[in-house]
Amino acid sequence: MRWRGGDAVGAREWRGIVEQKFGVVARGLDRFNRRHPWSHNDHYHRWLLRMLPDRRCTALDVGCGAGVLARSLAGSSIALSRSMRTRRWRPRLGVRSKGWASRCASRTSRRTPTRPSPAGLDVITMVAVLHHLDPEPSLRRAGELLRPGGRLLVIGLAGIGEPLDVAVDLASAALNPLVGLVKHPRAVRIPPPPDPMPMRDPDHTFGELRELAGRVLPGARLRRRLFFRYTLAWTKPAVG
């Protein structure tokens, strides 16, 4: 087992290390997990919905994928505006890759907003998105777009950087098949189609992200989570 100081060990490299040391067990777990799949991202949507601020008239879900979270936000007193497209928000958050989608939700109007409210957004969410972006300008810009009292909520992936990261990942690997058996008890016989969403390994460790958030978003709360995720929550301070 190894880690490289502050350098991230990506998911593929970490799987390679596990494969070398625990090959038979790792391959068996992988086969089992494929037969009982479940979404680590969707698992933490409940946390995200619990963390929504009391005021949630406007929200931006960055990189919304198939729109699962956007629909949940629409059911949380936020009416979804479906025509808010990537091209309007990509420059604002520094997103350059094709295929990224964003949606803006508004409770007060179903008309497409052409620009953020002067007062700022109430909620910005990022689920498995931040590691695709340059994190420092993205977090900084998200903070600028929020209104005072608005909240940034992130469910993210981070590389292996220190022994505690290894311990949490090992615990996640052990618990993952048990959760899969509960959530998806009927075994999948036909492999699902490849995920159409873009995939990449994280370049930053949890420790690096914690240090970055401390500088860019003072008071941000980051927590390592099971199942290869971390969460970040930050509320923009009131003016004055």
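Cut-offs used in this document
- Residues numbered from 1 in each chain as written.
- Predicted model: local features only at pLDDT ≥ 70, side-chain atom pairs only at ≥ 80, totals over all residues.
- Heavy atoms only, no water.
- Pairing = 2+ DSSP bridges.
- Helix = DSSP H or I, 4+ residues; strand = E, 2+ residues; numbered from the N terminus.
- pLDDT = per-residue confidence, 0-100.
- Contact = heavy atoms within 4.5 Å.
- Buried < 20%, exposed > 50% of the residue type's maximum accessible area, 1.4 Å probe, protein only.
- Right-handed = clockwise from strand over helix to strand, strands pointing away.
- Salt bridge = Lys/Arg side-chain N within 4 Å of Asp/Glu carboxyl O.
- Expected span 1.5 Å × (residues − 1).
- Bend = angle between axes of the 7 residues up to and from the residue.
- Core = buried A, V, L, I, M, F, W, Y, C linked by side-chain atoms within 4.5 Å.
- Axes fitted to C-alpha atoms, helices over the stretch in contact; angles between N-to-C directions.
- Parallel < 35°, antiparallel > 145°, perpendicular 65-115°, else oblique.
- Left-handed = near helix turned anticlockwise from the far one by under 90°.
- Nonpolar A, V, L, I, M, F, W, Y, C, P; charged D, E, K, R; others polar.
- Phe/Tyr/Trp six-rings, centres within 6.5 Å; stacked < 30°, edge-to-face > 60°.

A. Fine view of the pairing of strand β6 (residues 221–225). Examined bridge by bridge, β6 and strand β7 (residues 229–235) share five bridges and lie antiparallel to one another. Note on β7: the bridge partner recorded for Leu-222 is Leu-232.

B. Molecular detail of the confidence of the model for the protein chain. Per-residue confidence for the protein chain gives a mean pLDDT of 76, with 66% of residues at or over 70. Counted against residues more than four places away or in other chains, residues 1–6, with its pLDDT under 50, gives 18 contacts. Ignoring residues within four places in sequence, the model shows residues 79–115, a span with pLDDT below 50, making 85 contacts including any to other chains.

C. Here's a closer look at the pairing of strand β5 (residues 146–156). Counting buried positions along β5 yields nine of eleven residues, so the element is predominantly enclosed. As judged from the six bridges shared by strand β4 (residues 121–127) and β5, these two strands associate in the parallel manner. Within β5, the residue paired with Val-123 across the bridge is Arg-151. Between the parallel elements β4 and β5, the chain passes through helix α7 (residues 135–145) in a crossover that is right-handed. Where β5 and β7 come together, six bridges link them in antiparallel fashion. Along β7, the bridge assignment pairs Leu-153 with Ala-233.

D. Spotlight on the pattern of salt bridges. Here the structure, examined in full by the defined rule, presents nine salt bridges. Between Asp-122 and Arg-147 there is a salt bridge, and its shortest N-O distance comes to 2.3 Å. Of this pair, Asp-122 sits in strand β4 while Arg-147 sits in strand β5, placing them 25 residues apart in sequence. On the accessibility criterion, Arg-147 (11% relative accessible area) is buried. Connected via shared salt-bridge partners are Glu-136, Arg-140, Glu-211 and Arg-215.

E. Inspection of helix α8 (residues 163–183) at higher detail. The end-to-end C-alpha distance of α8, which contains 21 residues, comes to 30 Å, matching closely the 30 Å that a straight helix rising 1.5 Å per residue would cover. Leu-175 marks the point of greatest bend in α8, at about 35°, and the proline Pro-177 comes within the next four residues. All buried positions along α8 are accounted for by Asp-165, Val-166, Val-168, Asp-169, Ser-172, Asn-176, Pro-177, Val-179 and Gly-180.

F. Just the nonpolar core, in detail. In this structure, Ile-124, Met-126, Leu-139, Leu-152, Val-154, Tyr-230 and Leu-232 are the most contacted members of the largest nonpolar core, which totals 24 residues. Elements with a contribution of two residues or more to this core: β1 (58–62), β4, α7, β5, α9 (206–216) and β7. Per-element tally for this core: the top contributor is α9, with five residues. Residue contacts for Leu-152: discarding those within four places in its chain leaves Ile-124, Met-126, Leu-139, Ala-142, Leu-146, Leu-217, Leu-232, Ala-233 and Trp-234. Residues Met-51, Leu-69, Val-127 and Ala-233 belong to the second largest nonpolar core, which totals 16 residues.

G. Structural view of the packing of α7 against α9. At a minimum axis separation of 10 Å, α7 and α9 run at an interaxial angle of 40°. For the element pair α7 / α9, the angle class is oblique. Viewed along their axes, α7 and α9 form a crossing whose handedness is right-handed. The segment α7 lies against α9, with Pro-135, Glu-136, Leu-139 and Arg-140 engaging Leu-209, Leu-212, Arg-215 and Val-216. Here the contact of α7 with α9 is composed, by residue class, of five nonpolar, no polar and three charged.

H. Representation of the packing of aromatic side chains. Taken as a whole and judged by the stated rule, the model has one aromatic pair. Aromatic side chains Phe-206 and Tyr-230 sit 6.1 Å apart centroid to centroid with 70° between the ring planes, which places their arrangement in the edge-to-face category. In this pair, Phe-206 is assigned in helix α9 and Tyr-230 in strand β7, connecting sequence segments 24 residues apart. Just as Phe-206 is buried, Tyr-230 falls in that class too.

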